[in-house]
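Take a look at the letters that make up each chain.
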Amino acid sequence: MWDGKTVSVVFPAYNEEPNIEAAVSDFLSVVYHDIPVVDQILVINNNSNDRTRELALAAGAEVVDETKQGYGNALQRGLKDAAGELIVLCEPDGTFLASDIMKLLAYSGDFEM
């Protein structure tokens, strides 16, 4: 929860077995004033043929299977299925640090998107 709004993190994922557990765990561990910041982690499994799905579930994420291949399709599905009032799209490969979500959310009240 951030500023009274629920927060969803969407990870488009294709064969992210090496990274998905750490990414989910890192984002779920972010707290602000003793309140978890991220309310939902939604992994969009885009036809992975490894253990991405199982590892994401075990780490605490929700998983949605998107069979229409492609990064854009995965992101669109995530935007459609995310429950949060604020939605953060990011990569589960370590490109984004979980702690950086605070920098982004600090400006969320200034813009519609």
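Before reading further, recall that the structure is shown in the block above.
Small disclaimer: the values here were computed from a predicted structure and weren't measured.

Q: Where do I start with unusual backbone geometry in this structure?
A: Trans peptide bonds make up most of the peptide bonds, and negative phi angles are found at most residues other than glycine. Of note in this structure, Asn 15 is not a glycine but carries a positive phi near 55°. Secondary-structure assignment places Asn 15 in the loop between strand S1 (7-13) and helix H1 (20-28). The partly exposed category is assigned to Asn 15, whose relative accessible area is 25%. Its identity as a non-glycine residue notwithstanding, His 33 has a phi of 55°, on the positive side. Among the secondary structure elements, His 33 is positioned in the loop between strand S2 (31-32) and strand S3 (35-36).

Q: I tried to follow the packing of aromatic side chains on my own but got confused; where do I start?
A: Two measures describe an aromatic ring pair: the distance that separates the ring centres and the angle between the ring planes. Summed over all chains, the structure comprises 2 aromatic pairs. Pairing Trp 2 with Tyr 32 gives two aromatic rings, centres 5.1 Å apart and planes at 50°, and the pair type is tilted. Residue Trp 2 is found in the segment before S1, and its partner Tyr 32 is found in strand S2; the two are separated by 30 residues along the sequence.

Q: Just checking my understanding: could you explain the nonpolar core for this structure?
A: Burial of nonpolar side chains together is a common tendency in soluble globular proteins. Ranked by size, the top nonpolar core spans 26 residues in total, and within it Phe 11, Phe 27, Val 43 and Ile 101 carry the most contacts. At the level of elements, S1, H1, strand S4 (40-45), helix H2 (52-59), strand S6 (86-89) and helix H4 (101-105) are the ones that each hand at least two residues to this core. Here Phe 11 is in contact with Ile 20, Ala 23, Val 24, Phe 27, Ile 41, Leu 42, Val 43, Ile 44, Cys 90, Glu 91 and Pro 92, once residues within four sequence places are set aside. Within the second largest apolar cluster, 6 residues are counted, among which are Val 10, Ile 44, Val 64 and Ala 82.

Q: What should I look at first to understand the side chain of Thr 52 in this one?
A: With respect to the helices, strands and loops of the structure, Thr 52 is situated in helix H2. By relative accessible area, Thr 52 is classed as buried at 0%. Side-chain polar atoms of Thr 52 contact the side chain of Asp 50, separated by 2.6 Å. In this view, Thr 52 contacts Ala 13, Asn 15, Glu 16, Glu 17, Ile 20, Val 43 and Asn 45; residues no more than four positions away in its chain are not counted.

Q: Before we go on, may I ask you to explain the side chain of Glu 91 in this structure?
A: Its location among the elements puts Glu 91 in the loop between S6 and H4. Despite its burial, Glu 91 pairs with no opposite charge; the closest candidate is Arg 77, at 17 Å N-O. Polar contacts involving the side chain of Glu 91 include one to the side chain of Tyr 71, which spans 2.5 Å. Glu 91 has contacts with Phe 11, Pro 12, Tyr 71 and Phe 96, leaving out every residue within four places of it along the chain.

Calculation rules
Residues numbered from 1 in each chain as written. Predicted model: local features only at pLDDT ≥ 70, side-chain atom pairs only at ≥ 80, totals over all residues. Heavy atoms only, no water. Helix = DSSP H or I, 4+ residues; strand = E, 2+ residues; numbered from the N terminus. Buried < 20%, exposed > 50% of the residue type's maximum accessible area, 1.4 Å probe, protein only. Phe/Tyr/Trp six-rings, centres within 6.5 Å; stacked < 30°, edge-to-face > 60°. Core = buried A, V, L, I, M, F, W, Y, C linked by side-chain atoms within 4.5 Å. Contact = heavy atoms within 4.5 Å. Polar contact = N/O pair within 3.5 Å; in protein donor to acceptor, adjacent residues only side chain to side chain. Lys, Arg positive; Asp, Glu negative; His and termini not counted. Salt bridge = Lys/Arg side-chain N within 4 Å of Asp/Glu carboxyl O.

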